[in-house]
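Structure assessment
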Amino acid sequence: MSSEPQFFDQPGGFVGKPLVRVEGREKVTGKAKYSAEFPLPGLTYGVLATSPIAKGKIQSIDTTAAAKELGVIAVLTHQNLPKLAKTPDSPEGKKATSAPMGFMPLTSDEIFYAGQPVALVVADTLDHAIYAATLVKVNYAPESPIANFHDARAKLFNPAQVQDGKVDGHKRRGDAKTAFASAPIQLTATYTHPIYHHNPMEPGSTTAHWEAPDRLTVYESTQGVTRTQTTLVAMTGLPREQVRVITKYLGGGFGCKGSCWPHTVLTVQAAKAVGRPVQLMLTRKQQFTSMGHREDQSQTLQLGATADGKLTSLIHTKQSTTSPWDEYAESNSKIINLLYACPTFEASYEMARANVMTSTFMRAPGEAPGSFALECSMDDLAARLGVDPIEIRLRNHADHDYSTGQPWSSKSLKQCYARGAELFGWSKRNPKAGQTRDGRYLVGMGMATASYPVHSSQGTARARLYADGHAVVQSGATDLGTGTYTVMTQVAADSLGLPIEKVRFELGDTNLPTAPNSGGSIAAGTVSSSVFMAAQDVWQRLIKIAVGDKKSPLYKAKPEDVTVEKGRLFLKKDPKKGEGYADLMKRADLTDIEGMGRGRYGAGYETGHAASPAGPGNNTESAAEHSMHSFGAHFCEVRVDMDLGIIRVSKWVSVMGAGRILNAQTARSQIIGGAIFGIGSVLMEATERDAKYSRYTNADLANYHVPVNADIPNMTVEFVEEHDPYINAMGVKGIGEISMVGVAAAVANAVYHATGKRLRDLPLTPEKVMMAGVAS
Amino acid sequence: MNNFAYTQAASTKEAATVTQSDKHAAFISGGTSLIDLMKSNIEQHSLLVDLNKLSLLGVENSATGLRIGALERMSDVGEHPLVVQNYPVISQSLLASASPQLRNMASMGGNLLQRTRCGYFRDVAFPCNKRVPGSGCPAQDGDNRTLAILGGSTSCIATHASDLCVALVALEAKLTLENAKGATRIVPLADFYKLPGKTPHIENQLQPGELITAITIPAAAHARKSHYLKVRDRASYAYALVSAAVGLDVQGGTIRSARVALGGVGTVPWRVPAVEKALVGKPATEDTFRAAAALAVRDASPREHNKFKIELAQRTIVRALLEVAA
Ligand SMILES: Cc1cc2nc3c(=O)[nH]c(=O)nc-3n(C[C@H](O)[C@H](O)[C@H](O)COP(=O)(O)OP(=O)(O)OC[C@H]3O[C@@H](n4cnc5c(N)ncnc54)[C@H](O)[C@@H]3O)c2cc1C
Ligand code: SF4
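Residues numbered from 1 in each chain as written. Chains lettered and ligands numbered in written order. Predicted model: local features only at pLDDT ≥ 70, side-chain atom pairs only at ≥ 80, totals over all residues. Heavy atoms only, no water.

**A short note on the overall build of chain A**
Our working rule: A run of H or I in DSSP counts as a helix once it spans at least four residues, and a run of E counts as a strand once it spans at least two, with each numbered from the N terminus. In this description the radius of gyration comes from C-alpha coordinates, and the expected globular size is given by 2.2 Å times residues to the power 0.38. Relative accessibility thresholds used throughout: buried, under 20% of the residue-type maximum; exposed, over 50%; partly exposed, between the two (1.4 Å probe, protein chains only). Note on contacts: a residue pair is in contact if any heavy atoms of the two residues lie within 4.5 Å. Surface accessibility follows the Shrake-Rupley procedure with a 1.4 Å probe radius. Residue values consider only the protein chains on display as shielding. We count Lys and Arg on the positive side and Asp and Glu on the negative side, and we leave His and both chain ends out. Charged groups are reduced to one reference atom each: NZ for lysine, CZ for arginine, CG for aspartic acid, CD for glutamic acid.
Within chain A one finds 18 helices and 30 strands. Its C-alpha atoms give chain A a radius of gyration of 27 Å, near enough to 28 Å, the size a compact globule of 776 residues would have. Taking the principal axes of its C-alpha atoms as reference, chain A extends roughly 85 × 75 × 50 Å. Across the 776 residues of chain A, 63% fall into the buried class. Once local pairs closer than 6 in sequence are excluded, the contacts in chain A between residues at least 24 apart make up 79%. Looking at chain A as shown, the accessible area adds up to about 27,800 Å², and 52% of this sits on carbon and sulfur atoms. Distance between charge centres in chain A, computed from 81 positive and 76 negative side chains, equals 2 Å.

What follows is the structure in C-alpha cells.
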C-alpha cells in the first residue's frame, strides 16, 4: 500500500457517514442475544454465595439446607469443586492463565476480600438458585481487614512494575529533582480520588456449555473472546481448539470485561460438575466485587517552570491500594511524561496491600487520573502567571514525544485548541477567576488537553464475496455497544464496492479470524484495517484470475496494472478495459471468493508494509518509528451555586484529532459517552469502602451515582480532519478512551475559574464546594 | 429472596385481617420499596397481600383541605392540578423523588413506609440495630455522610429517606389508618414516626394489620405559597443530602405564618417549629430567614462525615424561603 485509501470518501461511500446502527433494530426489539440469553437445552442457573467478611478463614460450610431445596442440582464449594489445571496464585500461574487477579476463589478456605465467592449454587431455575444460595451456612473465623493504603497497618512499597507489569514502577528522564529545585516557578499539589466502578449496564455474565467432555462453548460477556479463551484454556487444560467463546452483544464494558474473571471460570467448572449448561449473571452488588475497579489513589505532582511558563521539571508520585496478591496501579505517569515539552521527568509509585479485590484497567487507565493532576496543575501555572490556559499549553507544545524522542505520527492538537476555542466562545472568558456571575451562579470556563495512545495490536478478518453481489465479512472482535458492527459493515461495503445492506459483518466468536481485545481504543483501527485488507485480498485474487482468463478483457495484463473500483476490475491506464467481478466469477464457476487480511499497528499506508504479514519486532510501540497518539481538547462551562455547593455543567465542547473517523454518529456518541463518564468521575462517582469492615457501603446504582440526563447539557463534538499515514492501513486512531482524558480537569478548571477555589479531592460533591466557600 | 405466597385483597378489612393474623405477611402496593428489601434479604415475608384492587384512591380538595387516597401513585399526585396549585410543596417533593418510572408505580402510602437508605442497613453482611436489634451500628463511626444529624441516638442515626414526608410534616398532614375491625383512627404524621432511641427497628405507630387509607392536609395560606428544595449529589434521581419544605404566608411584607421542615438530616421527617416561630411577625427578608434558620440545627449532633449538614441545612432553608418570598 502506498497511498491512503481514498474511495471511501467519494460520493455514495459509507465510511465516515453518520449511519445508524446496523444492529439497532435487533436491540430495541429484544432480538439481540446477550450472554445470559441463550436458552440451551437443559440449561441450569448458577448463583454465587459470597463472603460477608473481608479477611479470615472459613471454618465450616453447611450446604445441607441449600442442597435439599427444591430444584437444587449442586452446591459447590472449595471442598467439592473440580480442580483446575492451572490457577493464577503464583506469578507464573497468573501469566499462564492470563488472569487479572492472582487468586482463584473456591480453591481454599481463606477469605481475602468481602464479596469473595464461597459457594456456587446450581438449580433448575434462577429463582430456586437465588433462594438456595441464601441457605448456604458458612462459619467464619474473621480477622481484622485492611481497607486501604491509609490504614495505619498498611505497608507502602514501591512496585517494580505497574499496570499489570506493563509499565515500570520508577521512571526517570533527566534530572527532574535538580531542575525542580532551581525552577523559578514551583508548584506542588496533591490530587485524590476514590474508588470508581465501571458499572456497565450488563453485569458480567456467562453461559458455559460442555458439548462433550473435552469440548467447551462459553457465551461470555467479554471485551475479548480470545483473551477469555486463553484463560479458559490454561485453567481447564483443554487444547485451544476445544474452547469456543462467543460474545454476540455486549452491554458495555469500560475495561472490566477486558479480562476473564473468576466467576466465568467458576461457571465453567460448575457446568462440568453438573454435566449441564450453566448460566450465571452477577448481581449488581456482586459486580462491584467481581470484575475490578479503578483503585483509590492519591497523586502528588511537582511542576517546575521558567518565569514565562515553560516547563522544566515534572515529578509525579502516586499512592494507591492494591489487593493481597497483585500489584496493580494505573500508570498515571505515562501521559504526564509525554503531553508537553518538558526536559526532565520522574515518576514513582507506592502501593499498599489491603483486603480488596484487585483493581483493573478502567476507561483510559492512567491517562484519566494522570491528566486530572497534570491538567489542573497546568491551569494553576496559567493562573499563577496570568496567562491564558490555552496559551500556557501552546508555550509547552510538544513537537515530538519527549518521553521517547520519537516524532509523532500525526498531531492536530493546535487545531483542536483553535477550533474548540472558537466553538466554545473561549475569547469571552474573563482572565480573572471568580469574577463572572449570572444571578446566583458563579460562571466559569475551563479546558484541558486530551491524549491517548494508539496501542500496538494486530488482528485478522475474512471477507467472502459472493458472485451474486452479497458479502459476509468476519472478525472475532467484540462490539461493546459502541458501533463496531456498524463501522465494520461500512468499511466492508466500501472496500467491496457493495451497498450496505448487501454486507453482513459477523464478530464475537473465537471460530472467526482472531481479533484483539476491544480495549485500549484499538478495535476500530485494527479491525477496520483487517477488514480493508481482507477486501484487498479478495480483489488481488480476482485480478489474478482475470489476467489468466482468456475471455477476460484483462487477459495477460500485469496484476499491478489492474485496479478495482466499485466492484469493477480495469486497467489503470485504460479504464474502459475491464469487467465486473460477477462476470469473471461466473466464468470461473465460483460461487464466492474469500480473502484474508491482517490489520496491524504501525502498518500505515505510507510505511510500505501495510500489506505485508506481521513480523516479530515491528509490532510493538517502542519498535515503531513514530509515537502514535490521538490528541484533543475539552472545553467546559460550569455554573456553581456556592451557597448550596452545586456544580452544573452548562456547556461542553470536545474537539479531537483522531485520524480517520469511520462513522460521524457513533464517533460523536463515543466522545459524549466518554465525556459524561468523566463528568461522573469528577462530580459524583465514588464507591465507599467501610474502613473497619473493608466492605462497600453503596454497592448499588441508587447510591453509586452516575450522571443522569439532567446533569448533562447539550454537547458539541467535532473532529479535525487528520490523515495519519503510519498508524494502520485505515489511518484510524480510536476514540473510546481519549473521550474521557482531561474531562475531570476541564470541569475542575472551570470550577476554579468560577469560584477562585482549586478543588483537588474528587468527587466534587456539594459539601466540598460549599465548605470551600466557607473557609474563605 | 425467600419464597412467598401472594394474595389480592378484595377489601380493606380482608387485607387487614389476613395481615394481622400472620406476622410474616406484608402489604404490597407499588412494590418498589418492598421488593427491593426482599431481594436484598433485608425483609422476609411469607405472604404478600396486594392492595392494588382496593379503592383507596382520589385526590380531593375541599375548603378544609386536601385528601389523598393511599393508593394514588406519586406521579398522579405530583402532577395533579389541585396539588400543583394549592400545595406546590407536595407536588415538588414528589416530582423531585426517585425517577418517573418509579413514581408511576409507587403509591403514596408506600412512600411513607419506605425504609432508610443507610448503606449498612441495606447490606445484610453488616451489623445494624435497625435490621437486627442489638447487633450494633457501624454507621456511628463509619460512612455516615448521608446520615442524620438530628434525632439520632447511639443506636441509630439513619436518615428518613422520603421527600414527600418532609412536605407533609411541614403542612401538618394527618394519616387515616384502618384496622382489621374496620376501626379508623387519625394520626398526625409528626406523631406517626418514632425516634430510634434504643429501638431503631420500631419506626412508626402502625399496628399489625393496620393500613394507611388516606392522607389529609389542612388548607392554609402558607400551603399555597410553599416550596420544596432538594440538594443532592446529582441533578435528578438521588436521595436528598439535605432538603427543605417551606411555606410562608406573607402579608404586607410581614410573615403571618410559616412552616419549615427538613429532609436528609433527621431520623424522622424533621419539622422545626422554633424556626417557624422565629419567622412569624418578622419582615420576609434574607436576614430574618438566616437568623431563623440557625435555630434549626441547634440540637444537631453530627458524626465525622456529615458535619457539613449543619451549614447546608441552614442554607437550604434560607434559599427555599427566598424562593417562596420572591
Ligand atoms: C432507586 C430508588 C430511588 C428512590 N428515590 C426516592 C427519592 O428520591 N425520594 C423518595 O421520597 N423516595 C424515593 N424512593 C422510594 C420510593 O418513593 C418508594 O419506594 C415508594 O414510594 C414506595 O411505594 P410503593 O407503593 O412502591 O411501596 P411498596 O414497596 O409496595 O411498600 C412499601 C412498604 O409500605 C407498606 N405499605 C404499602 N402501602 C401501604 C398501605 N396503604 N398501608 C400500610 N402499609 C403499606 C408495605 O407493606 C411496605 O412495607 C426511591 C426508590 C428507589 C427504588
Ligand atoms: S444508622 Fe441505623 S440503619 Fe444505619 S447501621 Fe446504624 S442502626 Fe443500622
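**Let's talk about the overall build of chain B**
What chain B contains, in helices and strands, is 13 helices and 12 strands. Computed over the C-alpha atoms, the radius of gyration of chain B is 19 Å, within 12% of the 20 Å expected from 2.2 N^0.38 for a compact globule of 326 residues. Principal-axis analysis of the C-alpha atoms places the extent of chain B at approximately 60 × 50 × 35 Å. By the burial criterion, 58% of the 326 residues in chain B qualify as buried. Partitioning the contacts of chain B with sequence separation of at least 6, the portion at a separation of at least 24 is 62%. Total accessible area computed for chain B in this model is approximately 12,700 Å², and 52% of it derives from carbon and sulfur atoms. Each charge class in chain B was averaged separately, 35 positive and 27 negative side chains, and the resulting centres sit 3 Å apart.

**Observations concerning the nonpolar core**
Keep this limit in mind: Side-chain atoms within 4.5 Å link the members of a nonpolar core, which is a set of buried Ala, Val, Leu, Ile, Met, Phe, Trp, Tyr and Cys residues.
Membership of the largest hydrophobic core comes to 97 residues, with the highest contact counts inside it found for Val638 and Trp652 of chain A. For this core, the element with the most residues is helix 17 (residues 743-755) of chain A, which contributes 9 residues. Apart from the residues within four sequence positions on either side, Trp652 of chain A is in contact with His634, Phe635, Cys636, Ala675, Ile679, Pro713, Asn714, Met715, Thr716, Val743, Ala746 and Val747 of chain A. With 74 residues, the next largest nonpolar core counts Ala173, Val242, Val246 and Phe308 of chain B among its residues.

**Concerning the interface of chain B and chain A**
We count it as follows: Computed with a 1.4 Å rolling probe, the buried area is the accessible surface lost when two parts are put together, summed over both parts. Basic side-chain nitrogens of Lys or Arg form a salt bridge, by our definition, when they fall within 4 Å of a carboxyl oxygen of Asp or Glu. In protein, a polar contact requires one atom able to donate a hydrogen and another able to accept it; more generally it is a pair of N or O atoms within 3.5 Å, and residues adjacent in sequence count only if both atoms are side-chain atoms. Think of it as three bins: nonpolar holds Ala, Val, Leu, Ile, Met, Phe, Trp, Tyr, Cys and Pro, charged holds Asp, Glu, Lys and Arg, and polar takes everything else, Gly as well.
Each partner contributes to the interface: chain B provides 35 residues, whereas chain A provides 36 residues. On the chain B side of the interface with chain A, the three residues burying the most area are Arg234, Arg315 and Arg319 of chain B, jointly 23% of the side's total. Summed over the shared surface of chain B and chain A, the result is 5 salt bridges. Inspection of the chain B/chain A interface yields 10 residue pairs in polar contact (both at pLDDT 80 or more). Only strand 9 (226-231) and helix 13 (308-325) of chain B provide two or more residues apiece to the side of chain B that touches chain A. At 8 residues, helix 13 of chain B tops the list of elements feeding residues into the side of chain B that touches chain A. A per-class count over the side of chain B that touches chain A returns 16 nonpolar, 7 polar and 12 charged.

**What to know about the site of ligand 1**
Residues and elements named next belong to chain B. Here is the rule: For each residue, the test is whether any non-hydrogen atom lies within 4 Å of the molecule or strand; if one does, the residue is near.
Phe27, Ser29, Thr32, Ser107 and Asp163 are the nearest of the 30 residues found near ligand 1. Gly31 places a polar main-chain atom, nitrogen or oxygen, 2.7 Å from an oxygen atom of ligand 1. Between ligand 1 and the protein, one listed contact pairs a nitrogen atom with a side-chain N or O atom of Gln114 at 3.1 Å. Contact with the protein chains hides 94% of the accessible area of ligand 1, taken as 970 Å² for the molecule alone. Mapped onto the shell around ligand 1, the elements with two or more residues apiece are strand 2 (25-28), helix 2 (34-39), helix 7 (108-112) and strand 8 (211-218). Partitioned by chemical class, the residues of the shell around ligand 1 number 16 nonpolar, 11 polar and 3 charged.

**Some remarks on the site of ligand 2**
Near ligand 2 lie 13 residues; those nearest to it are Cys118, Cys128, Cys137, Cys156 and Ile157 of chain B. Across the shell around ligand 2, the residue classes break down as 10 nonpolar, 2 polar and 1 charged.

**Some points on the sheet that holds strand 6 (residues 137-142) of chain A**
All names here are of chain A. Worth spelling out the cut-off: Two strands qualify as a pair provided that DSSP identifies no fewer than 2 bridges between them.
In spatial order, the strands read 4-2-6; together these 3 strands make up an open sheet with antiparallel pairing. At either margin of the open sheet sits one strand with a lone partner, and together these are strand 4 (110-111) and strand 6. Both strand 2 (residues 56-62) and strand 4 contribute to a ladder of 2 bridges, which runs antiparallel. Across the sheet, the residue bridging to Lys57 is Glu110, located in strand 4.

**Some thoughts on the pattern of salt bridges**
Residues and elements named next belong to chain A. Under the definition given, this model contains 49 salt bridges over all chains. Between Asp509 and Arg244 there is a salt bridge, and its shortest N-O distance comes to 2.5 Å. You can see Asp509 sitting in the loop between strand 23 (503-506) and helix 14 (523-547) and its partner Arg244 sitting in strand 14 (residues 243-246), a full 265 residues away along the chain. Residue Asp509 is classed as buried on the basis of its relative accessible area of 6%. Using a relative accessible area of 29% as the deciding quantity, one classes Arg244 as partly exposed. A salt bridge links Arg587 to Glu579, with the shortest nitrogen-to-oxygen separation between them at 2.7 Å. Look at Glu579 and you get buried, because its relative accessible area is 7%.

**Thoughts on the confidence of the model for chain A**
Stated formally: Confidence of the predictor in every single residue is expressed as pLDDT, which spans 0 to 100.
Confidence in the prediction for chain A averages 95 pLDDT; 97% of positions are at 70 or higher. Note that pLDDT drops below 50 for residues 610-619 of chain A; the model gives that stretch 23 contacts with residues more than four away or on any other chain.

**Points about the pairing of strand 15 (residues 278-281) of chain A**
Residue and element names in this part refer to chain A. In this sheet, strand 15 lies alongside strand 1 (residues 44-50) in parallel orientation, the contact comprising 3 bridges. Across the sheet, residue Gly46 finds its bridge partner in strand 15, namely Leu280. Taken together, the 4 bridges between strand 12 (residues 205-212) and strand 15 define a ladder with antiparallel strand orientation. Residue Thr207 lies in a different strand from strand 15, and its bridge partner there is Gln279.

**Re unusual backbone geometry**
Residues and elements named next belong to chain A. Put simply, Leu762 and Pro763 share a cis peptide bond, and its omega is -5°. Mapped onto the elements of the fold, Pro763 is located in the loop between helix 17 and helix 18 (766-775). Even without being a glycine, Leu106 presents a positive backbone phi close to 60°. By secondary structure assignment, the location of Leu106 is in the loop between helix 3 (91-97) and strand 4. Although it is not a glycine, Lys566 adopts a positive phi angle of roughly 45°. Relative to the helices and strands, Lys566 resides in the loop between strand 24 (562-565) and strand 25 (568-571).

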